[in-house]
Amino acid sequence: MRRTIDWDGDSVTIIDQTALPAEYRILRLASVDDLIDAIRRLAVRGAPALGAAGALGVVLAARHGGDVRSAAERVANARPTAVNLSWGVTRALSKLDEGAEAVLAEALSILDEDERLNHKASGHAAEIVLSLTDRRPLRLLSHCNAGHLATVAWGSALGVVWHLHRRGLVDSVLVDETRPLMQGSRLTAWELAQAGVPYRVQPDSAAAAAMARGLVDCVLVGADRIAANGDVANKIGTYGLAIAARHHNVPLVVVAPSSTIDSTLPSGAGIAIEERAPDELRTYGATTITPSDADVFNPAFDVTPADLISAVVTEHGQFHP
């Protein structure tokens, strides 16, 4: 598979994640406004991929002229929870005084690093998962999408599956559908099918029941921001999964590049949680599924306390708060 996000010499190119699995479509984003729109509507998503998007947004701003720092700030604020977005912007901006080509070179280095570091982090995590589990081959549970599509390439939490599958150590993956935007059933299931990994999609609400029936050996998730104490912000529903996993003695392992760690935040209490449009819950496709004026609580993320997490793993190995 090509990179989720890349540079084609003039524009940012992305795999349009709003079109999958029905259509595999590449979008060219020629302006900062195009990129911000793609970020906000989740055509490009996933913390590591957003780090690359942040850097490439600065490239677009630097090439088009005008107030580059103001444009970069708009990119950084397009989504508030994933720290990688502002991290990528900051790294690219650090080269601005050296000119647009230096900004581009820094952004391209971030893309290369992301692929390499996520491969390394998921490799470390695979060994940790094996140390925490007894059954072989493994039955894993995934929430949201932390695969190739959430990164520049390879994946973070789903990268663990690729490592283990190559060794014949994966029995199957239970894929939470991940309401309301179905990143699990649309994106993770599609990636697993492409890789030939056995999987089953389940309602988010079935995860605890699957654990109770002994169908899950380990839960694997990514992260959008990790506080200094090890609290983790990830897709809404992760906190509930962690509670169920702890009750059933199922390890929960978080995999993310170290750029996801926000050492300025002592705990997850300081993480800004994005709340998304009410119509994401009021509608399903073109069909309204609630009363049209239904009030809505639609947080995109929740925060899982560190004491419910078996391990947080980066390219450096297990993270110790």
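Scoring rules and cut-offs
- Residues numbered from 1 in each chain as written.
- Predicted model: local features only at pLDDT ≥ 70, side-chain atom pairs only at ≥ 80, totals over all residues.
- Heavy atoms only, no water.
- Helix = DSSP H or I, 4+ residues; strand = E, 2+ residues; numbered from the N terminus.
- Rg over C-alpha atoms; globule rule 2.2 N^0.38 Å.
- Buried < 20%, exposed > 50% of the residue type's maximum accessible area, 1.4 Å probe, protein only.
- Areas by Shrake-Rupley, 256 points an atom, 1.4 Å probe, with all protein chains shown as cover.
- Lys, Arg positive; Asp, Glu negative; His and termini not counted.
- Charge placed at Lys NZ, Arg CZ, Asp CG, Glu CD.
- Core = buried A, V, L, I, M, F, W, Y, C linked by side-chain atoms within 4.5 Å.
- Contact = heavy atoms within 4.5 Å.
- UniProt positions renumbered as here; feature names shortened; annotations may be inferred.
- Pairing = 2+ DSSP bridges.
- Phe/Tyr/Trp six-rings, centres within 6.5 Å; stacked < 30°, edge-to-face > 60°.
- Lys NZ or Arg CZ within 6 Å of the ring centre and 35° of its normal.
- Patch = residues over 30% accessible without salt bridge, like charges linked within 9 Å, V, L, I, M, F, W, Y side chains within 5 Å.
- Salt bridge = Lys/Arg side-chain N within 4 Å of Asp/Glu carboxyl O.

## Notes on the overall build of the protein
Right, on to step 1. The number of helices and strands found in the protein is ten helices and 16 strands.
Right, on to step 2. Against the compact-globule benchmark of 20 Å for 321 residues, the protein has a radius of gyration of 19 Å, which places it among compact chains.
Right, on to step 3. With the principal axes as the frame, the protein shows a C-alpha extent of 60 × 50 × 40 Å.
Right, on to step 4. Residues classed as buried in the protein amount to 57% of the 321 residues present.
Right, on to step 5. Carbon together with sulfur atoms contributes 50% to the accessible area of the protein, which is approximately 12,800 Å² in total.
Right, on to step 6. Taking the 29 positively charged and 38 negatively charged side chains of the protein as two groups, their mean positions are separated by 4 Å.

## Focus on the nonpolar core
Right, on to step 1. Membership of the largest hydrophobic core comes to 43 residues, with the highest contact counts inside it found for Ile 5, Val 12, Ile 14 and Ile 39.
Right, on to step 2. At the level of elements, β1 (5–7), β2 (12–15), β3 (26–29), α1 (32–40), α2 (47–64), α3 (68–76), α4 (83–93) and α5 (100–132) are the ones that each hand at least two residues to this core.
Right, on to step 3. The element contributing the most residues to this core is α2, with twelve residues.
Right, on to step 4. When residues no more than four places from it in sequence are discounted, the contact partners of Ile 39 are Val 44, Leu 50, Ala 53, Val 75, Ala 78, Arg 79 and Leu 85.
Right, on to step 5. Residues Ala 125, Ile 128, Val 161 and Leu 192 belong to the second largest nonpolar core, which totals 28 residues.

## Considering the UniProt feature "binding site: substrate" (unreviewed entry) in the protein
Right, on to step 1. Residues annotated by UniProt as "binding site: substrate" (unreviewed entry) correspond here to Arg 45, Gly 46, Ala 47, Arg 79, Gln 183, Asn 234 and Lys 235.
Right, on to step 2. Checked against the element boundaries, Gln 183 lands in helix α7 (residues 183–195).
Right, on to step 3. Judged by its relative accessible area of 3%, Gln 183 falls in the buried class.
Right, on to step 4. Filtering out sequence-adjacent residues up to four positions away, Gln 183 remains in contact with Leu 42, Arg 45, Cys 144, Asn 145, Glu 177, Thr 178, Thr 188 and Lys 235.
Right, on to step 5. Looking at the element boundaries, Asn 234 is found in strand β9 (residues 232–235).
Right, on to step 6. With residues up to four places along the chain from it excluded, the contact list for Asn 234 reads Val 221, Gly 222, Ala 223, Asp 224, Ala 300, Phe 301 and Asp 302.

## Description of the sheet that holds strand β16 (residues 317–318)
Right, on to step 1. Read from one edge to the other, the open sheet built from seven strands follows the order β6-β5-β4-β7-β10-β15-β16, with strand pairing classed as mixed. At either margin of the open sheet sits one strand with a lone partner, and together these are β6 (199–202) and β16.
Right, on to step 2. Sheet topology note: the strand β4 (residues 138–142)/strand β7 (residues 218–221) ladder contains three bridges and is parallel. Bridge assignment links Ser 142 to a residue of β7, and that residue is Leu 220.

## Quick word on the packing of aromatic side chains
Right, on to step 1. Per the stated rule, a full pass over the model turns up one aromatic pair.
Right, on to step 2. Relative to Trp 190, the ring of Tyr 24 has its centre 6.0 Å away and its plane inclined at 25°; by these criteria the two rings are stacked. Taken together, the positions of Tyr 24 in the loop between β2 and β3 and Trp 190 in helix α7 put the pair 166 residues apart, joining distant regions of the chain.
Right, on to step 3. In this structure, Lys 235 is placed above the aromatic ring of Phe 301, and the distance from its NZ or CZ to the ring centre is 4.8 Å.

## Some points on a nonpolar patch on the surface
Right, on to step 1. Taken together, the side chains of Met 1, Tyr 24 and Ile 26 define a hydrophobic patch exposed on the protein surface, amounting to about 280 Å² of accessible area.
Right, on to step 2. By relative accessible area, Tyr 24 is classed as partly exposed at 39%.

## Examining the pairing of strand β15 (residues 311–314)
Right, on to step 1. Neither face of β15 is open: one carries Ala 311 and Val 313, the other Val 312 and Thr 314, and all of them are buried.
Right, on to step 2. Here three bridges tie strand β10 (residues 252–255) to β15, and the two strands are oriented parallel to one another. When the sheet's bridge partners are listed, Val 255 is paired in β15 with Val 313.
Right, on to step 3. In terms of strand pairing, β15 meets β16 through two bridges, oriented antiparallel. Residue pairing for β16: Val 313 is matched across the bridge by Gln 318.
Right, on to step 4. Where β15 hands over to β16, the hairpin turn is made up of two residues, counted between the paired strands.

## As for the UniProt feature "site: Transition state stabilizer" (unreviewed entry) in the protein
Right, on to step 1. In the UniProt entry, the feature "site: Transition state stabilizer" (unreviewed entry) is given for Cys 144.
Right, on to step 2. By secondary structure assignment, the location of Cys 144 is in the loop between β4 and α6 (157–166).
Right, on to step 3. Overall, the relative accessible area of 6% leaves Cys 144 in the buried class.
Right, on to step 4. If sequence neighbours within four positions are ignored, Cys 144 has contacts with Arg 45, Thr 178, Gln 183, Gly 184, Thr 188 and Lys 235.

## A closer look at the pattern of salt bridges
Right, on to step 1. Considering all chains together, one arrives at 18 salt bridges under this definition.
Right, on to step 2. The partner of Glu 101 in a salt bridge is Arg 63, and the shortest N-O contact between them spans 3.1 Å. Here Arg 63 lies in helix α2 and Glu 101 lies in helix α5, a separation of 38 residues in the sequence.
Right, on to step 3. Owing to a relative accessible area of 35%, Arg 63 belongs among the partly exposed residues under this scheme.
Right, on to step 4. With a shortest N-O distance of 2.9 Å, Arg 139 and Asp 217 are connected by a salt bridge. Placement of Arg 139 in strand β4 and of Asp 217 in the loop between α8 (207–212) and β7 is noted, with a sequence separation of 78 residues between them. Each of the two residues, Arg 139 as well as Asp 217, counts as buried.

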